[in-house]
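One-letter residues, chain by chain:
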Amino acid sequence: WKPGIIHAGKVLETTMNDYGPDMLSDFICDFVKDNAKGAKPFLAVYPMNLAHSAHCITPIEVAAGAEPSNQHFKKGTPEGRAVFDNQIRYMDKLVGKIVKQVEDAGIADNTIIIYSSDNGTTSSSKSKGVEYGVHVPFVVAGGGIQPRGRVDQLMDFTDVLPTVADFAGSPVVEGVVDGVSLKP
């Protein structure tokens, strides 16, 4: 609530009625809408800030009568767990809004959407190669991709560039870029 967002080199004026994830998802939806009108392909990257760190309420709680607040609740507490669960629900709503914008713009058949998390978190797994730290969602969906459900192949974020290039039909010089295409 009342996020500090810089746009075009200027800090946006915000109030406690402005929810950062809403502002950022609105921006990406406008970006998709504006760029879908052109003939050139485009890339939109949206590093969503939900759910992360200590947790504060979402518009779900505000719609239920709470006042917008940046009070943080630790996930291990009952209040924090409830807020975290609502952050996940709200994150799902925002992803759905972006997918709908892609569909409304008429580019769903020619768009690849990659959804992922950066890492699992706890003091025992952040920045460590343990299962809880690396077991995160990585979903690739879009035009021409057959839904297959869960797969067990390992991937790394260095695989994203070769994958996007492969979908675009643009070769990546072997040995110059780390990673492999996940398209197959």
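Computed from a predicted model, the values in this text were never measured in an experiment.

Here we take up the overall build of the protein. A tally of regular secondary structure across the protein gives 5 helices and 4 strands. Here the protein holds 184 residues, and 24% of them are scored as buried. Sequence-distant contacts in the protein: of pairs separated by 6 or more residues, those separated by 24 or more amount to 49%. Put simply, the protein shows about 12,700 Å² of open surface, and 56% of that area lies on carbon and sulfur atoms.

Let us look at the pattern of salt bridges. Summed over the entire model, instances satisfying the criterion amount to 3 salt bridges. Where K97 meets D26, a salt bridge forms, and the shortest distance between an N and an O atom there is 2.6 Å. In this pair, K97 sits in helix α3 (residues 78–104) while D26 sits in helix α1 (residues 20–36), placing the two residues 71 residues apart along the sequence. By relative accessible area, which is 28% here, K97 ends up partly exposed. Its relative accessible area of 38% is what places D26 among the partly exposed residues. A salt bridge links D104 to K100; its shortest N-O distance comes to 2.7 Å.

On to the nonpolar core, then. Among the nonpolar cores identified, the biggest contains 10 residues, and these are W1, Y19, M48, L50, I57, F73, V83, Y90, M91 and L94. The residues touching V83, leaving out its near neighbours within four places in the chain, are H55, C56, I57, E61 and F73.

Turning our attention to the packing of α1 against α3. Helix packing for two helices is described by the angle between their axes and how far apart those axes are. At a minimum axis distance of 9 Å, the contact between α1 and α3 shows a crossing angle of 15°. Relative to α3, the element α1 is oriented roughly parallel. Classified by chirality, the crossing of α3 by α1 is right-handed. Contacts between α1 and α3 involve P21, D22, S25, D26, I28, C29, V32 and K33 from the former and Y90, L94, K97, I98, Q101 and V102 from the latter.

Turning next to the confidence of the model for the protein. Summing up the model confidence of the protein, the mean pLDDT is 86 and the portion of residues at 70 or higher is 89%. When pLDDT is averaged over each element of the protein, strand β2 (residues 10–11) comes out on top at 96 and helix α4 (residues 131–134) at the bottom at 62.

Note that Q87 resides in helix α3. Judged by its relative accessible area of 3%, Q87 falls in the buried class. It is 8.5 Å that separates the C-alpha atoms of Q87 and I60, two residues lying 27 residues apart in sequence.

A few words on α1. Helix length check: α1 (17 residues) gives 24 Å between terminal C-alpha atoms against 24 Å at 1.5 Å per residue, within 8%. Among all positions in α1, only G20, P21, D22, S25, I28, C29, V32 and A36 are buried. Of the surrounding elements, those touching the buried residues of α1 are α2 (59–63) and α3.

What counts, and at which threshold
- Residues numbered from 1 in each chain as written.
- Predicted model: local features only at pLDDT ≥ 70, side-chain atom pairs only at ≥ 80, totals over all residues.
- Heavy atoms only, no water.
- Helix = DSSP H or I, 4+ residues; strand = E, 2+ residues; numbered from the N terminus.
- Buried < 20%, exposed > 50% of the residue type's maximum accessible area, 1.4 Å probe, protein only.
- Contact = heavy atoms within 4.5 Å.
- Areas by Shrake-Rupley, 256 points an atom, 1.4 Å probe, with all protein chains shown as cover.
- Salt bridge = Lys/Arg side-chain N within 4 Å of Asp/Glu carboxyl O.
- Core = buried A, V, L, I, M, F, W, Y, C linked by side-chain atoms within 4.5 Å.
- Axes fitted to C-alpha atoms, helices over the stretch in contact; angles between N-to-C directions.
- Parallel < 35°, antiparallel > 145°, perpendicular 65-115°, else oblique.
- Left-handed = near helix turned anticlockwise from the far one by under 90°.
- pLDDT = per-residue confidence, 0-100.
- Expected span 1.5 Å × (residues − 1).

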